[in-house]
2 protein chains.
Amino acid sequence: MIDFAGFVQTEGQPIYLQIMRYIKQGLAAGTIADGEELSSRRALSAFLTVNPNTVQKAYRLLEEEGLVQSHAGAKSFVCATREQRDALRRELTENELRGMVRDMKRMGLTAAEAMSLIGKLYEEESE
Amino acid sequence: MIDFAGFVQTEGQPIYLQIMRYIKQGLAAGTIADGEELSSRRALSAFLTVNPNTVQKAYRLLEEEGLVQSHAGAKSFVCATREQRDALRRELTENELRGMVRDMKRMGLTAAEAMSLIGKLYEEESE
DNA sequence: ACAACTGTACTACCAGAATAACACAGTTCT
DNA sequence: AGAACTGTGTTATTCTGGTAGTACAGTTGT
């Protein structure tokens, strides 16, 4: 069963996209195994205190991308080939880091300064 | 006059927030000088192909934060003390990097791997 | 068979983001 | 004074995200 304990809801981005990203990150990192069970729409929505429709939207879009399998009445499961995982990992890291680097450069931070800060934050948040 | 040539409109976040962030980043980096002139609402909205009301919202909120001065009929200017700039720089870098580090850790990237990628992207986007 | 789950679908409603089209008043420059 | 800008305010409309509630059909376990 996929664990959503580490899920942090942030502002400025739709919740259904955050749920999708959380699952994709787990797949890319390998913390979510192929064929692992997904919480039901109702259970996850209650845990995250969001509307069932919001979770349903995330699951439906993931299914359209071929990362989730659902059958009416039965539980839902993730499914991802090795190739899909690798593609996700590349895509997610690249996208996020590229945007971040653009912002850091605009803020006048050098690569060295950025790396130093990141190193500190890596240690800081290791609790 | 503040240059918006480097402005990149992305999805998932309101445009007025992106405009605000762009100006804040410039202030934090020092690429925007104190007292520098802002493009008029109409001119900037035309350049970004968005609605004048969207730009107005960004400018109005920035004025409420004390970073912009506007007088009816006259041009608008940015204003920021040394303290405000420093606070912005800390706030913007911290916030962005903290979220990024959380995601990278969740993706299973070590600090070293993240730094290596960032170094590469820094070189890559230096055109 | 029955109860308790599951996914799926639908309608209605509300808030915010963004667009569109104005109107009005103050400033600046010639 | 007049033209051309400027900021400001208003109203209406559209779209999306999210909530709320309900209904129905398939699956599972007892």
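Bear in mind that the values here come from a model prediction, so they are computed numbers and not experimental data. (Residues numbered from 1 in each chain as written. Chains lettered and ligands numbered in written order. Predicted model: local features only at pLDDT ≥ 70, side-chain atom pairs only at ≥ 80, totals over all residues.)

A. Broad picture of the protein's contact with DNA strand C. The environment of DNA strand C is formed by 23 residues, the closest being S40 and S70 of chain A together with P14, N51 and G73 of chain B. Where the surface near DNA strand C is concerned, the elements lending two or more residues are α2 (41-48) and α3 (52-64) of chain A together with α1 (15-29) and α3 (52-64) of chain B. Here the surface near DNA strand C is built from residues that sort into nine nonpolar, eleven polar and three charged. (Near = placed C-beta within 6 Å. Helix = DSSP H or I, 4+ residues; strand = E, 2+ residues; numbered from the N terminus. Nonpolar A, V, L, I, M, F, W, Y, C, P; charged D, E, K, R; others polar.)

B. How the structure looks around the sheet that holds strand β2 (residues 68-69) of chain A. All names here are of chain A. Spatially, β1-β3-β2 is the arrangement adopted by the three strands of the open sheet, whose pairing is antiparallel. Strands with a single pairing partner mark the edges of an open sheet, and in this sheet they are β1 (37-38) and β2. Summarising the sheet, β2 and strand β3 (residues 76-78) pair through two bridges and their orientation is antiparallel. Among the inter-strand pairings, V68 is bridged to a residue of β3, identified as V78. (Pairing = 2+ DSSP bridges.)

C. Just unusual backbone geometry, in detail. Phi at T49 of chain A takes a positive value of approximately 50 degrees, unusual for a residue other than glycine. Positionally, T49 of chain A belongs in the loop between α2 and α3.

D. Spotlight on the relation of the copies chain A and chain B. Once turned by 180 degrees and shifted 0.0 Å along the axis, chain A lies on chain B with an RMSD of 0.1 Å. Between the two chains, the operation in question is that of a two-fold axis. Of the C-alpha atoms belonging to chain A, the one lying closest to the rotation axis is found on M115 of chain A, 2.8 Å away. When the interface residues of chain A are mapped onto chain B, 97% of them again fall at the interface, so both copies present the same face. (Least-squares fit on C-alpha atoms with pLDDT ≥ 70 in both. Contact = placed C-beta atoms within 7 Å.)

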